[in-house]
Amino acid sequence: MFRNYMEALQLFDKKDIISTLLSLRSMVDKKSAKEKLSNALKYLPKKVIIIIEDFDRLLADEIIEIFKLIDGNASFPNVIFLTAYDKKHVAKMISEKYQNEESPFSDKFFNLEVVVPIRPYRKLHTYLSKWLLDGIRIKEEERDVYRSILDNYETLLSKFLLNLRDVKRFLNLFIKEYVPLKEEVNFEDFFLLTIIKFKDMDAGNNCTHR
C-alpha cells in the first residue's frame, strides 16, 4: 500500500529527489491512493514515523515544497513526521517570500517543537583528539605530547571546525595525508597547514607543496 502511494507521488523513479518533490503537482492518482492508504493505516497497531532531516540545506522554494509535502500528508492516521533542521536558517531562507509573517513559517506545520541544545565545543575537541591520534597510530605513552599541541589550538579550531560533520571531514583529510609523511614532517606544522587547506583548498595546496 505504501509502495502504491509512493508511486502515485512519483517518488519511485531515477530522478533527483529534489526534482521529484518539485513535480508533486503533476500527480495523477494521488487522491485514490491516499484514501486507500489512509484506510489501511487506521488498523495499524503501531505508529509510522517518517524522518526528514537536513532539509535546511535546500533552496527556499525547495524547503517550502517539503513543508507542503508534510502538510499534505500529516492527516494520515497513525503517522508522525519527525524533522531536524536549523530553524533560524530556514526562517532566513524564506523570509523574503513571506515578509509579512508574524511567526516563523515552519511554525504553521508542526504540533510540537523540541530545541536541541548546542553541543559544548569541548566535546568536539575531545572527539577530534581521540580519533586523530587513533588514526595516525600514536602510542599511548606519547599521546600526552600530541594532546598538548592540539589543546593549544582549541580556540583556533573552534572557529573553523564548527560541528561534528566538520570534525569528521577534517579527520579524513588530515589522517589520509599525514600518515604517508609521518616520519618526514613536523606534526604541529602539518596540522596547521591542514587547517588552512580545510578552509581554503587552493591556499592549502600551495602551502603543502612548498
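Being a predicted model, the structure only gives us computed values, none of them experimental.

*Asks:* Which parts of the structure should I look at to understand unusual backbone geometry?
*Replies:* Within the chain, Asn78 stands out as a residue other than glycine whose phi angle is a positive 65°. Here Asn78 is to be found in the loop between helix H4 (60–73) and strand S2 (79–84). At Arg137, a position not held by glycine, the phi torsion is positive, near 60°. Looking at where Arg137 falls in the secondary structure, it is placed in the loop between helix H6 (121–135) and helix H7 (143–152).

*Asks:* I'm lost on H7 in this one. Help?
*Replies:* Taken together, the buried positions of H7 are Arg143, Tyr146, Ile149 and Leu150. Summarising the axial view, the buried residues of H7 lie within an arc of 125°, below the 170-degree limit, and thus occupy one face. Facing away from the buried surface of H7 by more than 90 degrees, the exposed residues are Asp144, Val145 and Asn152. Each element contacted by the buried residues of H7 is listed here: H6, helix H8 (154–160) and helix H10 (187–199).

Quick notes on the rules
Residues numbered from 1 in each chain as written. Predicted model: local features only at pLDDT ≥ 70, side-chain atom pairs only at ≥ 80, totals over all residues. Heavy atoms only, no water. Helix = DSSP H or I, 4+ residues; strand = E, 2+ residues; numbered from the N terminus. Buried < 20%, exposed > 50% of the residue type's maximum accessible area, 1.4 Å probe, protein only. Arc of directions from axis to C-beta. Contact = heavy atoms within 4.5 Å.

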